[in-house]
Amino acid sequence: MSRPEDTLPPDLHYNDSEAKKYTTSSRIQNIQAQMTNRALELLKLKEPSLILDVGCGSGLSGEILSSVDPQEGGPHIWVGMDISASMLDVALQRDIEGDLMLADIGQGVPFRAGSFDAAISISAIQWLCNADSNDVSSTGRLSRFFNGLYASLKRGGKAVCQFYPKNEQQRTMISGAAIKAGFGAGILEDDPGTKNGKLYLVLEVGGDGGDITGVVKGLDGVDVVDARRKHAEKGRKIHKGSKAWIMGKKEQMERKGKVVKNNSKYTGRKRKITF
Amino acid sequence: MKVLTLNFLTCAVKACKSTSTSFPLHPKDCEMVSDTIEPNPKLLYNILPRVNWTALLTTVAELGFPELPPNPPTIEELQADEKMTQELHTLLLETQISEGCLVCGNCGHAYAIKEGIANFLLPNHLV
Ligand SMILES: C[S@@+](CC[C@H](N)C(=O)[O-])C[C@H]1O[C@@H](n2cnc3c(N)ncnc32)[C@H](O)[C@@H]1O
């Protein structure tokens, strides 16, 4: 079966008729509900929370967030971002409670630092691996998304993103971008190897930027995406003012939500004195 | 869009991220609606510490709503004050912008809101 991601950009794929077909299919409704409930289980929210739904579509997940029982820490409120006006239109008709925004997550997450308790994303972020024009790259879009997501979550906030990578390369590209943004990350796979296999990227904003892979280590079947090699490299002495030092600082600033200049071949170069 | 959400939104333009004038976005020509939402005091207690009160005062003034106290209530005060809880619930969650736009105080970009949905799509060179 061909992947819609490889054929059209998301806002064109999810047009009026596809959005309606998608939302009214009881098979899809069931699968999306199952995955949303699984994501909620992984988020372990203990009190009514403010949640960001990334690629919220017609609000199938949001509906579940709004109806979590008080005994289970709900109900939550949510803000959904989606790039398809048609999907959002169907959401409106279904009278959901969350706030909706027409937005491209590859352009970032326009909320101030520490806004959300948690984020959820069901079957959406693999779309970021396909950049549809030549003035944008998928790596740039992934990094804008994960940097923005990281900054928009409160300390200790978690995000669970179920996604459908096309292959191993996309899987690593996505989890790598999340780790680079500063998240402690793990990948959980339900029913691995079957055609119903589901991947969940479980992310946490750590308290001190230390080794936070422990968040997901305790869970069954979680494959911790290890950032330790990076740490080992960090152990090497990096000279203050060197290119590596500057790149490190820039990454650190970006994680804090600061604006930094894009890296170029000139980054960290000694400038000649000219008159 | 809820007044609460407006309190968290910033301008999406890259050059505006480091400026303080890009928050809060300023509602312009807005039509408001009110939606009944089940009171959820625990949610209020959870999010109130994260609400930027100064920005909220600005928003309330710009929308022409009755003035709020200059400082946010503490959780204890809120727990003891049913009327205040109800008022904040109404303002933050039930009061919503249905039409109009949100304008950035730094770059002047206007994000249109239609049927409650804000359009944050930008040309690629701005992000
Ligand atoms: C398979 S649907 C899932 C919708 C919803 N999360 C659900 O579970 O029903 C994928 C959604 O991702 C959205 N999407 C894809 N790329 C996006 C982007 N760059 N920014 C925002 N949304 C995007 C699509 O518009 C679509 O609504």
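Below is a short write-up of the structure. Just so you know, the residues in each chain are numbered from 1, in the order the chain's sequence is written. Throughout, the order in which chains and ligands are written sets their labels, letters from A for the former and numbers from 1 for the latter. Only residues with pLDDT of at least 70 get local features here, since the model is predicted, and only at 80 or more are side-chain atom pairs given and counted; chain-wide, interface and lining totals rely on the full set of residues. Excluding hydrogens and water, the side-chain values take into account all heavy atoms of the structure.

Residues and elements named next belong to chain A. Each helix is a run of H or I in the DSSP string that is no shorter than four residues. Each strand is a run of E no shorter than two, and both are numbered from the N terminus. Among the secondary structure elements, G182 is positioned in the loop between α8 (168-180) and β6 (184-190). Residue G182 is classed as buried on the basis of its relative accessible area, which comes to 15%. Residues G182 and G74, 108 residues apart in the sequence, show an inter-C-alpha distance of 28 Å. Three exposure classes are used, based on accessible area relative to the maximum for each residue type with a 1.4 Å probe and protein chains only: buried under 20%, partly exposed in between, and exposed over 50%.

Here we take up the interface of chain B and chain A. Residues count as neighbours in contact if any of their non-hydrogen atoms are within 4.5 Å of one another. Contact residues are listed per partner, giving 34 residues for chain B and 34 residues for chain A. Take the accessible area each of two parts loses on contact, using a 1.4 Å probe, and add the two losses: that sum is the buried area. Of the roughly 2,900 Å² buried at the junction of chain B and chain A (both faces included), carbon and sulfur atoms supply 57%. Of all residues in chain B, F8(B), R50(B) and I117(B) give up the largest surface area on contact with chain A, accounting jointly for 21% of the area buried on that side. Every case where a carboxyl oxygen of Asp or Glu lies within 4 Å of a side-chain nitrogen of Lys or Arg is listed as a salt bridge. Between the two partners, chain B and chain A, sit 2 salt bridges. A salt bridge links D117(A) to R50(B), with the nearest nitrogen and oxygen atoms 2.7 Å apart. Between N or O atoms, a polar contact is any pair within 3.5 Å; within protein, one atom must be a potential hydrogen donor and the other a potential acceptor, and residues adjacent in sequence are included only when both atoms are from side chains. Inspection of the chain B/chain A interface yields 16 residue pairs in polar contact (both at pLDDT 80 or more). Within the residue set of the side of chain B that touches chain A, elements represented by two or more residues are α1 (3-6), α2 (41-47) and β4 (117-119) of chain B. For the side of chain B that touches chain A, the element with the most residues is α2(B), which contributes 4 residues.

Moving on to the packing of helix α7 (residues 138-152) of chain A against α8(A). All names here are of chain A. Here α7 crosses α8 at 45°, and the two axes come no closer than 9 Å. As far as their axial angle goes, α8 and α7 are oblique. Pair α7 / α8 crosses with right-handed handedness. Listed contacts from α8 to S138, T139, L142 and F146 of α7 are M173, I174, A177 and A178. The residue makeup of the contact of α7 with α8, split by class, is 6 nonpolar, 2 polar and no charged. In this analysis an axis means a line fitted to C-alpha atoms, helices contributing only their contacting stretch, and an angle means the value between N-to-C directions, from 0 to 180 degrees. In this scheme, roughly parallel covers angles under 35 degrees and roughly antiparallel covers those over 145, while 65 to 115 is roughly perpendicular and the rest are oblique. Crossings are assigned a handedness: left-handed for a near helix turned anticlockwise from the far helix by less than a right angle, right-handed for a clockwise turn. Here the term charged refers only to Asp, Glu, Lys and Arg, the term nonpolar to Ala, Val, Leu, Ile, Met, Phe, Trp, Tyr, Cys and Pro, and the term polar to all other amino acids, Gly among them.

Let's shift gears to helix α6 (residues 85-93) of chain A. Among the residues making up α6(A), those that are buried are S86(A), M87(A), L88(A), V90(A) and A91(A). Lining the buried residues of α6(A) we find α3 (16-24), β2 (77-82) and β3 (99-102) of chain A together with β4 of chain B. Of the residues trailing α6(A), D95(A) is marked for its positive phi of about 60°.

What follows concerns the packing of aromatic side chains. Aromatic pairing here means that ring centres of Phe, Tyr or Trp (its six-membered ring) are within 6.5 Å. Orientation follows from the plane angle: under 30 degrees is stacked, over 60 is edge-to-face, and everything else is tilted. Applying the stated criterion across every chain yields a total of 7 aromatic pairs over all chains. An angle of 55° between the planes, with centres 4.8 Å apart, marks the rings of F145(A) and F146(A) as tilted. The same class applies to F145(A) as to F146(A), namely buried. Ring geometry for Y111(B) against F120(B): centres 4.1 Å apart, planes inclined by 10°, an arrangement best described as stacked. A relative accessible area of 0% means that Y111(B) is categorised as buried. Here the aromatic residues F145(A), F146(A), Y150(A) and F183(A) are joined through ring pairs into a cluster of three or more.

Another aspect to go through is the packing of α3(A) against α6(A). Pairs of packed helices are described in terms of their axes, by the angle between the two and the distance that separates them. Residues and elements named next belong to chain A. Running from amino to carboxyl end, α3 crosses α6 at an angle of 50°, the nearest separation of the two axes being 8 Å. As summarised for this structure, α3 and α6 are arranged oblique, according to the angle between their axes. The crossing of α3 and α6 is right-handed. In this structure, α3 uses D16, A19, K20, Y22 and T23 to contact α6, whose residues at the interface are S86, M87 and V90. Counted by class, the contact of α3 with α6 contains 4 nonpolar, 2 polar and 2 charged residues.

Pairing between side chains of opposite charge can happen when their charged atoms approach one another. Residues and elements named next belong to chain A. Counted by the stated rule, this structure contains 12 salt bridges over all chains. A salt bridge links R94 to E63; the shortest N-O distance between them is 3.0 Å. Of the two residues, R94 sits in the loop between α6 and β3 while E63 sits in helix α5 (residues 60-66), which places them 31 residues apart along the sequence. The network of salt bridges with shared partners includes R38, E41 and D190.

Interpretation in functional terms is not warranted from these geometric data alone.
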